[in-house]
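A closer look at the structure
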Amino acid sequence: FSRPVAVPLDDRWARAYEGFSEDPKLVASYARAFVEGVQGVEGSEDFLGDGRIIATVKHFLGDGGTLDGRDQGETKPSEAELRDIHGAGYFAAIEAGVQTVMASFSSWGGEKLHGRGDLLTGVLKERMGFDGFVVGDWNGHGQVTGCTNDNCPRSYNAGVDMIMVPQDWRALYTNTLEQAKTGVIPPGRLDEAVRRIPRVKLRAGV
């Protein structure tokens, strides 16, 4: 679950130390170097070969720009700033072939990222061309409006492919299975997640 590619803009943010820089160009260059250092260079025989592991970039999107540096808070830049500043590391990491992206605890436009299909699916997967899988953060889905730690079809439907649920996984499994059977989680969304996760595992030789 590494590497954070946040662009920390307020040193009051408790996780500011995880960021490479407040300069998005520097973050982008380091993000690419990190992904290639961990996974190998995409297209080479060494890519995800022996001694390599799957990289994750996080937390998508805007966690370094929350208002007053509040952890898990609201990010309030324009869409252009969200793209050009906070998205810089993701563009570079995707070009380098990163295989997983972790969703953010933070919000944009008053909505938690774990529930924002326009960003997780519309932007990350479709417009940016990310073909790995999206993983949730620690019970991050439970912060989405209408969700709990053990019940959150909205997060799956937004584009989270693998939910991180440490304690309530049995109940989440039961609820998710029922939601898949009844169509609350559409078959196409389920199929997409099921394609993305094994595709990454196969690439890594798992």
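Residues numbered from 1 in each chain as written. Predicted model: local features only at pLDDT ≥ 70, side-chain atom pairs only at ≥ 80, totals over all residues. Heavy atoms only, no water.

Some points on the state of the cysteines
Within this structure, the stated rule accounts for 1 disulfide. Linked covalently through their sulfurs, C147 and C152 form a disulfide whose S-S length is 2.2 Å. The sign of the S-S torsion, about 70°, decides the handedness of the disulfide formed by C147 and C152: right-handed. The pair C147 / C152 is uniform in exposure class, with both members buried. (Disulfide = S-S within 2.5 Å. Buried < 20%, exposed > 50% of the residue type's maximum accessible area, 1.4 Å probe, protein only.)

Thoughts on the nonpolar core
The biggest cluster of nonpolar side chains holds 34 residues, and the ones touching the most others in it are V57, F60, Y90, V98 and L124. F60 has contacts with Y90, V101, M102, A103, S104, L113, L119, L120, V123, L124 and M128, leaving out every residue within four places of it along the chain. Judged by nonpolar contacts, the second largest core, of 6 residues, contains M102, V135, M164 and V200. (Core = buried A, V, L, I, M, F, W, Y, C linked by side-chain atoms within 4.5 Å. Contact = heavy atoms within 4.5 Å.)

Topic: helix α1 (residues 24-39)
With 16 residues, α1 should reach 22 Å at 1.5 Å per residue; the first-to-last C-alpha distance of 22 Å fits that figure. Taken as a whole, α1 has its buried residues at P24, V27, A28, A31, V35, V38 and Q39. Viewed along the axis of α1, the buried residues span an arc of 110°, placing them on a single side of the element. Residues of α1 that are buried make contact with β1 (56-60), α2 (79-86) and α3 (88-95). (Helix = DSSP H or I, 4+ residues; strand = E, 2+ residues; numbered from the N terminus. Expected span 1.5 Å × (residues − 1). Arc of directions from axis to C-beta.)

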